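# A look at the structure
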Amino acid sequence: MMKRILLILALALLPLAASAARPSRTLSRSELAAIVAEFRGYDGVEVVKLNRLATGAIKGAVRLAAKSDPDAREAFRMMKGLKKLTVLEYDGATPDVKARLNTRLAQALDGSELLMEAKDGNSSMQVFGIVDDANGLVRDFVLHAPNDCALICLTGTVSMDTLGKLMTE
């Protein structure tokens, strides 16, 4: 439940974060992919990867549903630019593996553009991405919740307007 609330809050506040002026930074997709590959074999670490073909199939199903459902239409507009999805969940890992993973992820994300951080008690979620203010897009969207032991990487683009509209409804 906490993860869902933090995710909704993070997505709802993302348009506000994008409007702030900030220097251009990068996000190391290759470093994150290497960390996911390194830790995917550990006990208690779960990885779900959807490549272009899988995300294309999902977008196709959402597009079909969008013909009759306005909510699905908005979801399709938001998903249209997504190419890949990677979810790393390591809540079942040993404390040592969790600590090492959190340290490695923090190092990989250090210097990346932090769009926002939401905190609730001792849980927090960091939202990273590359904002293109000229086009109103966020590229390579990354959500990291170290206390909840989760990392979500969305490769591609997400429209700020569509995302903001979806979150206000």
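What you see is a predicted model, and the numbers here were worked out from it, not measured in a lab.

## Digging into the overall build of the protein chain
Secondary structure assignment for the protein chain yields 6 helices and 6 strands. Tracing the protein chain from N to C terminus, the helices and strands come up as α-α-β-α-α-β-α-β-β-β-β-α. Among the 169 residues that make up the protein chain, the fraction classed as buried is 41%. Looking at the protein chain alone, contacts between residues at least 24 apart form 62% of all its contacts between residues at least 6 apart.

## A few points about the side chain of Ser 124
Mapped onto the elements, Ser 124 comes out in strand E4 (residues 123-132). You can call Ser 124 buried: its relative accessible area is 11%. Look past the residues within four positions of Ser 124 in its chain and what remains in contact with it is Glu 117, Ala 118, Lys 119, His 144, Ala 145, Pro 146 and Asn 147.

## Points about the packing of helix H2 (residues 29-39) against helix H5 (residues 95-109)
Orientation of H2 relative to H5, taken along the N-to-C sense of each, is 170 degrees, at an axis distance of 10 Å. Considering the angle they form, H2 stands roughly antiparallel to H5. Both H2 and H5 take part in a crossing whose hand is right-handed. On H5, the residues that touch Glu 31, Leu 32, Ile 35, Glu 38 and Phe 39 of H2 are Val 97, Arg 100, Leu 101, Arg 104, Leu 105, Ala 108 and Leu 109.

## A look at the pattern of salt bridges
Applying the stated criterion to the full structure yields 4 salt bridges. Between Arg 29 and Asp 140 there is a salt bridge, with the nearest N and O atoms lying 3.4 Å from each other. In this pair, Arg 29 sits in helix H2 while Asp 140 sits in strand E5 (residues 137-145), placing the two residues 111 residues apart along the sequence. Judged by its relative accessible area of 9%, Asp 140 falls in the buried class. Arg 104 serves as the salt-bridge partner of Glu 38, at 2.6 Å between the closest nitrogen and oxygen. Placement of Glu 38 in helix H2 and of Arg 104 in helix H5 is noted, with a sequence separation of 66 residues between them. Judged by relative accessible area, which is 37%, Glu 38 ranks as partly exposed.

## Thoughts on the sheet that holds strand E1 (residues 46-50)
The strand order across the open sheet formed by 6 strands is E1-E2-E6-E5-E4-E3, and the pairing between neighbours is antiparallel. For this open sheet the edge positions go to E1 and strand E3 (114-120), each flanked by a neighbour on one side alone. Strand-to-strand twist in this sheet, taken as the mean axis angle between neighbours without regard to direction, amounts to 10 degrees. Sheet topology note: the E1/strand E2 (residues 82-89) ladder contains 5 bridges and is antiparallel. Paired with Val 48 across the strands is Val 87, a residue of E2. Packing of H2 onto the sheet brings it into contact with E1, E2, E5 and strand E6 (150-159), and relative to E6 it is tilted by some 145 degrees. Strands in contact with helix H3 (residues 52-66) are E1 and E2; relative to E2, the strand with the most contacts, it is inclined by about 105 degrees.

What counts as what
- Residues numbered from 1 in each chain as written.
- Predicted model: local features only at pLDDT ≥ 70, side-chain atom pairs only at ≥ 80, totals over all residues.
- Heavy atoms only, no water.
- Helix = DSSP H or I, 4+ residues; strand = E, 2+ residues; numbered from the N terminus.
- Buried < 20%, exposed > 50% of the residue type's maximum accessible area, 1.4 Å probe, protein only.
- Contact = heavy atoms within 4.5 Å.
- Axes fitted to C-alpha atoms, helices over the stretch in contact; angles between N-to-C directions.
- Parallel < 35°, antiparallel > 145°, perpendicular 65-115°, else oblique.
- Left-handed = near helix turned anticlockwise from the far one by under 90°.
- Salt bridge = Lys/Arg side-chain N within 4 Å of Asp/Glu carboxyl O.
- Pairing = 2+ DSSP bridges.

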